[in-house]
Structure formats: C-alpha cells, structure tokens
Amino acid sequence: RWHIELQPWASPTPSLNYEALRFLKYISTSQISCEHMNLSSLRGYSETAKKPWSICLDERFSLIHRIRSKQCRLYSLGLGSDDNQFEIGMANSGCEVHRFDPSIKSAHIHEGRHLWYHRLSIDWRDPNPAIAAHKLHSNTKKLGTILNEFGHQKIDVLKADVESAEWKILENLILEDVVEQIGQLVFEVHIHWPGFEVSGNDSTVVRYWYSLLRELELKDFRLFHTYKDLSKPQMFLKKEAFNASSCYTLSWVNTRWK
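Residues numbered from 1 in each chain as written. Predicted model: local features only at pLDDT ≥ 70, side-chain atom pairs only at ≥ 80, totals over all residues. Heavy atoms only, no water.

Undergrad: Can you walk me through the overall build of the protein in this structure?
TA: A tally of helices and strands in the protein yields seven helices and ten strands. A globule of 258 residues ought to have a C-alpha radius of gyration of about 18 Å, and the protein, at 18 Å, matches this closely. Projecting the C-alpha coordinates of the protein onto the three principal axes gives extents of approximately 55 × 50 × 35 Å. Residue pairs in contact within the protein that sit at least 24 positions apart in sequence constitute 68% of those at least 6 positions apart. Accessible surface for the protein amounts to roughly 12,200 Å². Of this, 52% is attributable to carbon and sulfur atoms. When the 32 basic and 31 acidic side-chain charges of the protein are each reduced to a single mean position, those positions are 2 Å apart. (Helix = DSSP H or I, 4+ residues; strand = E, 2+ residues; numbered from the N terminus. Rg over C-alpha atoms; globule rule 2.2 N^0.38 Å. Contact = heavy atoms within 4.5 Å. Areas by Shrake-Rupley, 256 points an atom, 1.4 Å probe, with all protein chains shown as cover. Lys, Arg positive; Asp, Glu negative; His and termini not counted. Charge placed at Lys NZ, Arg CZ, Asp CG, Glu CD.)

Right under this line is the structure:
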C-alpha cells in the first residue's frame, strides 16, 4: 500500500471542531485495561524517569514473560534526549536495549551488558541512493531496514520520542507491516503543528492522525494508557483550543502477542 485508508469525516462536512473532538476523545480513552504499568516492580529500576513511559506488564501479555526469561528487546528512538532512565531500567532488568539517536558521538556505543547506543536516525524513507553515495555512510534509515540489518525479527517494545516525526514514522510502520513485529508501542505524539511532511488544512491533518491510530486498532493494537503532558504548551495546531496539550504519551499493546 502507498497510503493508509482515511476514515470518514467526523461530520457531514469537514470541520476542525468535530475532527479535533473525535481525535482527542480517541487518544484519551483506554481500549483495554492494564493493571501493571510500572517498571519499579522490576529489579534494578529506580523511579527517576522524567516522563511516564508506561508499558503493560500484565501476565496475559508476553512482555513480562520475555523480561523474566531475559529475552526481551527494546528499541528506543530519540533526538538528543538526556532522559534515558527508562532504557537503563529495561537494560538492568535484562532486556536487550537499542537506543537510536543521531546526536550520539560514536557510531555505536556498548554500555553495560545490555545497552547499545547507535548514531542512527529512524525515518519514514530510506535515503536516496544518489544523495547517500556522496556520503561515506548515511545515518538515516527506516525501521524495517534496521531490523533486517541487525537480524532482529521482533521488538517487544518500541519507544519513540522523535519531536513530530512520529506521524510519518508510524505511517511507514503500518504501510510496510513492520508494526506487526512489535509487541508494545509507547509514542510521544505532538499536536501543536501537523508534523514533518504532513500536508493539508487543519481538519484534514486531524483526520489523518485519527486514521493512523485507527489503523493500529485494525492491527489489534489497543491503547491502554494516555499521559497528557501539562508541562508543555497547551496548543492544538497552533491554537489554544480544545483544552489540549501539545504533547501526549500514548501506550498500546499488540493483543496478538500473548
């Protein structure tokens, strides 16, 4: 597929008000309950993370069992963030943790037994070969490409804090069926502007955001936690409207992964 399937408009004629209310209600409503979302129950984790990166550790899903058997894998996509307590906590609990950040000084850093840092940026397209040929190595790749290069079939948790690139990255993961190789998604989403390379007027943009998240639902992902960041500007597409924060952290579990 080249494009995701857009959901019908929220109202008979396109309306930012209706699109925004539908979208905000959707991201604020849990689709499945999760009793255990706190990493502090895991050995070696200290509760000092600046944001709640919630994962579902209920017995009915695979993650807690993969952690116990030291078989879990976390991919963390970031842009120069110094808040890596979640990654360190997961590594201390025995998970294989790969953090991708283009601001890292060396190409690859191995820290401790289970934590790797890679100077790579995850994008929604691979670099143009004609442009990449001018560089010795390109440090921008699609997630599917990296999975193939690393020889990884599955990611238990994909955490992303990519400053508005999340919408196009999520679209790429859906279109290329990479999302089916992921057990849980924890994404920071930014709604104060459309995001990189997302075009259209405001109501069209919100319909696209909503349609992307509905695609996740069609692939058996269920939203189990929403964190509304009140420390960020309260903006929705550059307007102080809808009682919205510019930033939410959303957590989904792939219910196919039992």
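Undergrad: Would you mind going over the environment of Gly151 with me for this structure?
TA: Among the structural elements, Gly151 can be located in the loop between helix H5 (143–150) and strand E7 (155–161). For Gly151, a relative accessible area of 52% puts it in the exposed group. In sequence terms Gly151 and Ser93 are 58 residues apart; their C-alpha atoms lie 22 Å from each other. (Buried < 20%, exposed > 50% of the residue type's maximum accessible area, 1.4 Å probe, protein only.)

Undergrad: What is the right way to read helix H1 (residues 16–27) from this model?
TA: At 3.6 residues per turn, the α-helix brings residues three or four places apart onto the same side. Between its first and last C-alpha atoms H1 spans 16 Å; for twelve residues at 1.5 Å apiece the expected length is 16 Å, and the two agree. Within the span of H1, buried status applies to Glu19, Ala20, Phe23, Leu24, Tyr26 and Ile27. All buried residues of H1 project into a common sector of 155° when viewed along the axis, lining one side. (Expected span 1.5 Å × (residues − 1). Arc of directions from axis to C-beta.)

Undergrad: Where do I start with the pairing of strand E1 (residues 73–78) in this structure?
TA: Side chains on a regular strand alternate between the two faces of the sheet. Buried residues dominate E1, accounting for six of its six residues. Where burial is concerned, the two faces of E1 agree: the one with Arg73, Tyr75 and Leu77 and the one with Leu74, Ser76 and Gly78 are both buried. Strand direction decides the pairing type here: E1 and strand E2 (residues 96–100), joined by five bridges, are parallel. Its bridge partner being in E2, Tyr75 is matched across the sheet by His98. In the classification by handedness, the crossover that spans E1, the intervening helix H3 (residues 85–92) and the parallel E2 is right-handed. As paired elements, E1 and E7 share five bridges and run parallel to each other. Bridge assignment links Leu77 to a residue of E7, and that residue is Ala160. (Pairing = 2+ DSSP bridges. Right-handed = clockwise from strand over helix to strand, strands pointing away.)

Undergrad: Explain the layout of surface pockets to me, please; I cannot follow it from the model alone.
TA: With a probe scaled to a water molecule rolled over the atoms, the places where space remains empty come into view. Each pocket or cavity is described by its volume, and for the largest pocket that value is around 370 Å³. In terms of lining, the largest pocket is formed by 15 residues, of which the most central are Trp2, His3, Lys168, Glu171 and Leu175. Per-element accounting of the lining of the largest pocket gives the leading share, four residues, to helix H6 (residues 166–175). Class assignment of the residues belonging to the lining of the largest pocket gives a composition of seven nonpolar, four polar and four charged. (1 Å grid on protein atoms, 1.4 Å probe; cavity = no way out; pocket = protein on both sides within 12 Å on 5 of 7 lines; lining within 4 Å. Points joined across faces, edges and corners; volume = space filled by probe spheres on them. Nonpolar A, V, L, I, M, F, W, Y, C, P; charged D, E, K, R; others polar.)

Undergrad: Can you help me understand the pattern of salt bridges in this one?
TA: Close approach of charged atoms allows side chains with opposite charge to pair. With the rule as written, the count across this model stands at 14 salt bridges. Residues Arg68 and Glu59 are paired through a salt bridge, measuring 2.7 Å at the closest nitrogen-oxygen approach. Arg68 sits in the exposed class, given a relative accessible area of 51%. Glu59 gets classed as partly exposed once you look at its relative accessible area, which sits at 46%. Salt-bridge contacts for Lys239 lead to Asp202; the nearest nitrogen and oxygen are separated by 2.5 Å. Remark: Asp202 occurs in helix H7 (residues 202–218) and Lys239 occurs in the loop between strand E9 (221–228) and strand E10 (247–254); sequence separation between them is 37 residues. Look at the salt bridges and you will find they share partners, linking Glu87, Arg99 and Lys159 into a network. (Salt bridge = Lys/Arg side-chain N within 4 Å of Asp/Glu carboxyl O.)

Undergrad: I keep staring at empty space enclosed by the protein and nothing clicks. Help me out?
TA: Under the defined criterion, the tally for this structure stands at one cavity of 30 Å³ or more. By volume, the largest cavity is sized at about 40 Å³. Elements with a minimum of two residues in the lining of the largest cavity: helix H2 (62–68), strand E8 (182–190) and E10. Its residues assigned to classes, the lining of the largest cavity comprises four nonpolar, four polar and one charged.

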